[in-house]
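Overview (structure and organization)
So the chains spell out like this:
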Amino acid sequence: MAGVNRQQVTVERAREESLPASAGLTVQGLTYRFEGEEPLFDGLDLEVLKGQFVSIVAASGMGKTTLFRLLAGLLQPESGTITAAGAVPGQRSTIGYMPQRDCLMPWRTVQDNAAIGLELAGVPKREARRRVLEMLPELGLAGTEAKYPHELSGGMRQRVSFLRSLLAGGELMLLDEPFSALDAMTRISMQQWLLEVWEVHRKTILFITHDIDEALLLSDQVLVAASRPITQLESLVVDLPRPRTYETTLDERFAYLKRRLLGQLGRITSHAEGGPA
Amino acid sequence: MKLLKDKLPILLFILLLAGGWELGTRLFDVPAYIIPRLSDVCAALLNHAALLGKHFALTLWEALLGLAFSVVFGVLSAIWIDSSSLARKTIYPLIVASQTIPIIALSPIMVMWFGYEIGSKISVVILFTFFPIAVNTADGFRAADREIGELLRSMGAGKTQLFLKWKIPSALPSFFTGLKMAAAISVGGATLGEWLGGESGLGVYTKRAANMLRGDDVFAGVLLLSLMGIALFVAAQMIERLVLGHRRS
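Residues numbered from 1 in each chain as written. Chains lettered and ligands numbered in written order. Predicted model: local features only at pLDDT ≥ 70, side-chain atom pairs only at ≥ 80, totals over all residues. Heavy atoms only, no water.

Some details on the overall build of chain B
- Regarding its fold elements, chain B presents ten helices and zero strands.
- Counting helices and strands in the order they occur from the N terminus, chain B gives α-α-α-α-α-α-α-α-α-α.
- Taken over the C-alpha atoms alone, chain B extends approximately 75 × 50 × 30 Å along its principal axes.
- Relative to its full complement of 249 residues, chain B shows a buried share of 39%.
- By element, 72% of the accessible surface of chain B is carried by carbon and sulfur atoms, the whole surface being about 14000 Å². (Helix = DSSP H or I, 4+ residues; strand = E, 2+ residues; numbered from the N terminus. Buried < 20%, exposed > 50% of the residue type's maximum accessible area, 1.4 Å probe, protein only. Areas by Shrake-Rupley, 256 points an atom, 1.4 Å probe, with all protein chains shown as cover.)

Below is the structure:
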């Protein structure tokens, strides 16, 4: 990237003790552009508290997936710092990235697919497989350990993908529209499932979605990309009580929050129409 | 039982062809040097069983050695092509273009280089079988799902880990496609190598028999050569099933 050399890159993954104990992810002054294009992010600041479930909602083409790829360390920012809780400088990233497609390896069983992150981290194979086996029942995957991905339904495959990210990452998980390819009924059951699993593990989750209901149902906070390039994210605190179920979407408070969120998004869509697609 | 049911049509068809062969040659009184009777071919097989066995073993050995070298060279070339974009731009098109050279015309050169011993036979087999293995494997590496690679990278996978846990398993199906093609044509390579100059092997045997107009012996040799080709193909297929059996076909 030509842009990388122009400005000094100051990406580092600081020690945990240098962060406030409550921070799960801190992004400061993030700037990124694809070569020869307008910047997607310009001086973006973002902070996610530890143990929070935060969703990002934005119109398509705003660069949500690019943001995730930056956070996951797959792209290098032009400038800015990204600090994930629990990260140690010079060591591998401790972010559990869950891509949109399940990306399960067809040559590995459920057990070995889920264990890949541990395996790459140097955990002995037997130990990695044992830890996966322990987790399967609570994720609703009991008895599937010897199955191959093509033998599973779309929802089950996403569960395996989630487990893989859960085991690979430390405190922070990035979920990139994981349920967008599922049919409506399966999606609802997967949302319920994610709520239950999250209640148990309480990882810090950053979740991308197009689905406003999904964002509100799952999150403590919804972030809305308010401009292009994204310089800041508008925040909406979702103060619905937990534990939640799909019934929560019928709540009056839910409807109120949804109206507010639609309002925020509406301004953006009308704003974005004038700009480049 | 299921296997028998699956293979029954082809077995019956072969039986029908054999019957037609025997009957046709008797009915129309075809001279033995044009098409010998099947019964004569079988008799030739039995009468010269020991001799044919010796020749068969040598040709099979040449084909297997050639295949083994092709697997090594082919896979190494594929790795090279995949790991260097310069190699993909230079070596890969060269390998593809090399297929326009008639291998049969090239084969005498192998005799000049490697003599009349087994070396020239092996090299002709390599000429035949290198291409399908190298190109299929290189294509397999290239077709590896990039998103899976990125995911593993996000989990901290290094180059070696990516190669072992992503590239190789991804390329295996294509590699086996290449191996099966190579196995089927390797016998042809070995036979041609023997024709160009050799003392023994089924290629030499059939050529000598043809010179003496011994139709039954020629057909016996050809029958064995085609059986060898089928056996090598089936063996490659069995290895493939063993390695990939659990994946979706």
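Observations regarding the interface of chain A and chain B
- Across the boundary between the two partners, chain A contributes 23 residues, which contact 19 residues of chain B.
- Summing both partners gives a buried area of about 2000 Å² for chain A against chain B, and 61% of it is carried by carbon and sulfur.
- The interface formed by chain A and chain B contains four salt bridges.
- Residue Glu147(B) pairs with Arg101(A) through a salt bridge whose shortest N-O separation is 3.1 Å.
- Elements with a minimum of two residues in the side of chain A that touches chain B: β5 (95-98), α4 (116-120) and α6 (154-168) of chain A. (Contact = heavy atoms within 4.5 Å. Buried area = accessible area lost by both parts, 1.4 Å probe. Salt bridge = Lys/Arg side-chain N within 4 Å of Asp/Glu carboxyl O.)

Observations concerning the pattern of salt bridges
- What the rule picks out here adds up to 21 salt bridges over all chains.
- Salt-bridge contacts for Asp102(A) lead to Arg157(A); the nearest nitrogen and oxygen are separated by 2.8 Å. One end of the pair, Asp102(A), is in the loop between β5 and α3 (110-114); the other, Arg157(A), is in helix α6, and 55 residues separate them in sequence.
- The class for Asp102(A) is buried, based on a relative accessible area of 13%.
- As a salt-bridge pair, Arg130(A) and Glu127(A) come within 3.2 Å of each other at their nearest N and O atoms. A residue pair is termed a helical-turn pair when its members lie 3 or 4 positions apart in one helix, as Arg130(A) and Glu127(A) do in helix α5 (residues 125-135) at three residues.
- Salt bridges linked by common partners bring Arg101(A), Asp145(B) and Glu147(B) together as one network.

Notes on unusual backbone geometry
- In this model, Arg242(A) is joined to Pro243(A) through a cis peptide bond whose omega is -5°.
- As for its placement among the helices and strands, Pro243(A) is situated in the loop between β9 (233-237) and α9 (252-274).
- The phi dihedral of Asp29(B) is positive, around 55°, even though this residue is not glycine.
- As for its placement among the helices and strands, Asp29(B) is situated in the loop between α1 (2-27) and α2 (38-47).
- Backbone geometry at Leu213(B) places phi at a positive 55°, although glycine is not the residue there.
- Here Leu213(B) lies in the loop between α9 (202-211) and α10 (215-244).

Description of the packing of helix α8 (residues 159-195) of chain B against α10(B)
Residue and element names in this part refer to chain B.
- The geometry of α8 relative to α10 is characterised by a closest axis approach of 9 Å and an angle of 165° between their N-to-C directions. Taken together, the axes of α8 and α10 lie roughly antiparallel to each other. In the crossing of α8 with α10, the sense of the turn from one axis to the other is right-handed. Along the contact surface, α8 presents Leu172, Pro173, Phe176, Leu179, Lys180, Ala183, Ala184, Ser186, Val187 and Thr191, while α10 presents Leu225, Met228, Gly229, Leu232, Phe233, Ala236, Gln237, Ile239, Glu240, Val243 and Leu244.
- Taken together, the residues of the contact of α8 with α10 sort by class into 15 nonpolar, four polar and two charged. (Axes fitted to C-alpha atoms, helices over the stretch in contact; angles between N-to-C directions. Parallel < 35°, antiparallel > 145°, perpendicular 65-115°, else oblique. Left-handed = near helix turned anticlockwise from the far one by under 90°. Nonpolar A, V, L, I, M, F, W, Y, C, P; charged D, E, K, R; others polar.)

Brief notes about the domain arrangement of chain A
Residues and elements named next belong to chain A.
- According to the domain assignment, chain A contains domain 1 (2-93 + 170-178 + 201-274) and domain 2 (95-167).
- Contact residues are listed per partner, giving 19 residues for domain 1 and 14 residues for domain 2.
- Summed over both sides, the interface between domain 1 and domain 2 buries roughly 1400 Å², with carbon and sulfur atoms accounting for 60% of that surface.
- Contact with domain 2 buries area across many residues of domain 1, yet Met173, Pro178 and His201 alone supply 32% of it, more than any other trio.
- At the boundary of domain 1 with domain 2, the tally comes to zero salt bridges.
- Linking domain 1 with domain 2 are seven residue pairs in polar contact (both at pLDDT 80 or more), by the criterion used here.
- Mapped by element, the contributors of at least two residues to the side of domain 1 that touches domain 2 are α2 (64-71) and β6 (172-176). (Domains from an automatic or database assignment. Polar contact = N/O pair within 3.5 Å; in protein donor to acceptor, adjacent residues only side chain to side chain.)

Some points on helix α5 (residues 103-114) of chain B
All names here are of chain B.
- Here α5 is twelve residues long and its end C-alpha atoms lie 16 Å apart, about the 16 Å a rise of 1.5 Å per residue gives.
- Among the residues of α5, those classed as buried are Ile103, Ser107, Met110 and Val111. Around the axis of α5, the buried residues are gathered within 105° of arc, so they sit on the same side. With respect to the buried face of α5, the exposed residues turned more than 90 degrees away are Ala105, Met112 and Trp113.
- As for α5, its buried residues are in contact with α6 (118-142) and α8.
- A positive phi of about 75° marks Gly115, the residue just after α5. (Expected span 1.5 Å × (residues − 1). Arc of directions from axis to C-beta.)

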